[in-house]
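Structural characterization, general
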Amino acid sequence: MAKNPNLTLAGSDLAALLCSRVCHDVISPVGAINNGLELLDEGGSDADALDLIRTSALNASVRLKLARLAFGASGSVGASIDTGEAEKAAKDFAAAEKKTEVVWNGPRAIIPKNRVKMLLNLFLVAYGSIPRGGVIDVTLENPEYEAKFTLVAKGRMMRLPPKFMEINSGQVEEAIDAHAIQPYYTVLLAEEAGMVLSAVQTEDSLVYTAVMAPVE
């Protein structure tokens with residue numbers, strides 16, 4: 001499997017940009033929690049304040065749980081993760097935002113950690129490609145061996161992420177920043193997991209696939 005020439009970030013830069021991405025994802029719900037507490041302090045409606053705090057705390061929690069699996073080493077023992085953990089993290093993330101349904105198909109299995117992380121990062125790419133919500137069908141075929149993952153995203157507004165396409169199979173025109181680090185990391189994980197990524201747009205959907213690269 002040929003090395004992707006776009007994957008040139010140093011380890012320290014990769015770590016810094018991933019940290020920026022995680023902070024960006026949780027700053028909004030954490031700020032909303034603070035707003036709810038301020039509302040309570042000012043004598044506002046207890047019900048409204050508590051509802052804001054409760055909703056925002058849930059949102060922050062599911063984002064951090066997904067980030068732990070998708071970006072971190074996770075707390076799992078060894079070098080493998082149960083795909084059931086990935087399914088729950090993806091579904092909880094989507095349910096908290098209440099705009100996208102996740103349908104998960106395929107056998108539950110314990111597979112290499114980087115393969116699960118790549119799957120969740122590809123899910124985030126697909127999720128971001130339907131910004132107004134919709135449905136993402138995730139299918140896992142033979143995940144323990146010659147794995148194939150297929151994610152089909154459908155929504156009212158669809159667009160293949162240009163930065164992901166550029167990093168995966170094109171030529172990077174600008175430096176990788178905090179906005180581009182997640183698709184960059186997706187492609188990096190695929191290379192480390194020995195998988196090949198592709199994405200196409202059909203008449204009514206966006207189809208993302210990850211398959212094991214042929215042995216040379």
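These notes cover the structure that comes with them. In this text the structure is predicted, and so the values were computed from the model without any measurement. (Residues numbered from 1 in each chain as written. Predicted model: local features only at pLDDT ≥ 70, side-chain atom pairs only at ≥ 80, totals over all residues. Heavy atoms only, no water.)

1. As for the overall build of the protein
The condition that has to hold: The numbering of helices and of strands both runs from the N terminus, where a helix is a DSSP run of H or I of at least 4 residues and a strand a run of E of at least 2. Pairs of residues are marked as contacts when any of their non-hydrogen atoms sit within 4.5 Å. Here the open area of atoms and residues is found with the Shrake-Rupley method and a 1.4 Å probe, where only the protein chains shown may cover a residue.
Tallying secondary structure elements over the protein gives 6 helices and 7 strands in all. Ordered by position from the N terminus, the helices and strands of the protein form the series α-α-β-α-β-β-α-β-β-α-α-β-β. Across its three principal directions, the C-alpha atoms of the protein cover 70 × 40 × 35 Å. Long-range pairs, those at least 24 residues apart, make up 70% of the contacts in the protein between residues at least 6 apart in sequence. Looking at the protein as shown, the accessible area adds up to about 11,100 Å², and 55% of this sits on carbon and sulfur atoms.

2. Examining helix H2 (residues 46–70)
Note the threshold: To estimate how far a helix should reach, multiply one less than its number of residues by 1.5 Å. To sort residues, take the accessible area from a 1.4 Å probe on protein chains only and compare it with the maximum for the residue type: under 20% means buried, over 50% means exposed, and anything in between is partly exposed.
Look at H2: 36 Å from first C-alpha to last across 25 residues, which is about the 36 Å you get at 1.5 Å a residue. Looking at H2, one finds that the buried residues are Ala49, Ile53, Ser56, Asn59, Ala60, Val62, Arg63, Leu66, Ala67, Leu69 and Ala70. The secondary structure elements touched by the buried residues of H2 are helix H1 (11–41), strand S1 (80–82), helix H3 (83–97), helix H4 (113–128) and helix H6 (181–192).

3. Remarks on the pairing of strand S5 (residues 148–155)
Put simply, the test is: DSSP bridges decide pairing: two strands pair if at least two such bridges lie between them.
Bridging between strand S4 (residues 134–141) and S5 involves 8 bridges; their strand directions are antiparallel. Looking at the pairing, Val135 lines up with Lys154 of S5. Here S4 folds back onto S5 in antiparallel fashion, the turn holding 6 residues, of which Asn142 has a positive phi close to 45°.

4. Description of the sheet that holds S4
Defined as follows: Every axis in this analysis is a line fitted to C-alpha atoms, fitted for helices over the stretch in contact. Angles between the N-to-C directions lie between 0 and 180 degrees.
Strand order in this open sheet of 5 strands is S2-S4-S5-S7-S6, and the pairing throughout is mixed. Edge strands, defined here as strands with exactly one partner in the open sheet, are strand S2 (100–105) and strand S6 (195–201). For this sheet, the mean angle separating the axes of adjacent strands, direction not counted, is 10°. Pairing analysis gives 7 bridges linking S6 to strand S7 (residues 206–212), with the strands arranged antiparallel. When the sheet's bridge partners are listed, Met195 is paired in S7 with Met212.

5. Describing the state of the cysteines
Inclusion rule: For the purposes of this analysis, a disulfide is any pair of cysteine sulfur atoms at a distance within 2.5 Å.
A full pass over the atoms with the stated rule returns 0 disulfides. Its sulfur unpaired, Cys19 is 6.5 Å from the next cysteine sulfur, which belongs to Cys23. Look at Cys19 and you get partly exposed, because its relative accessible area is 48%. Residue classification places Cys23 among the partly exposed positions, given a relative accessible area of 49%.

6. Focus: the side chain of Asp82
Selection criterion: Under this definition, polar contacts are N or O atom pairs within 3.5 Å; protein pairs additionally need one hydrogen-donor-capable and one acceptor-capable atom, and for neighbouring residues in sequence, both atoms have to be side-chain atoms.
Within the secondary structure layout, Asp82 lies in strand S1. Reaching out from Asp82, the side chain makes a polar contact with the side chain of Arg108 at a distance of 2.9 Å. The residues touching Asp82, leaving out its near neighbours within four places in the chain, are Arg108, Ala109 and Ile110.

7. As for the nonpolar core
Test applied: Here the nonpolar core consists of buried residues drawn from Ala, Val, Leu, Ile, Met, Phe, Trp, Tyr and Cys, with membership extended through side-chain atoms lying within 4.5 Å.
In terms of nonpolar packing, the biggest core is built from 56 residues, with Met118, Phe123, Phe149, Leu151 and Tyr208 touching the most fellow members. At 10 residues, H4 tops the list of elements feeding residues into this core.

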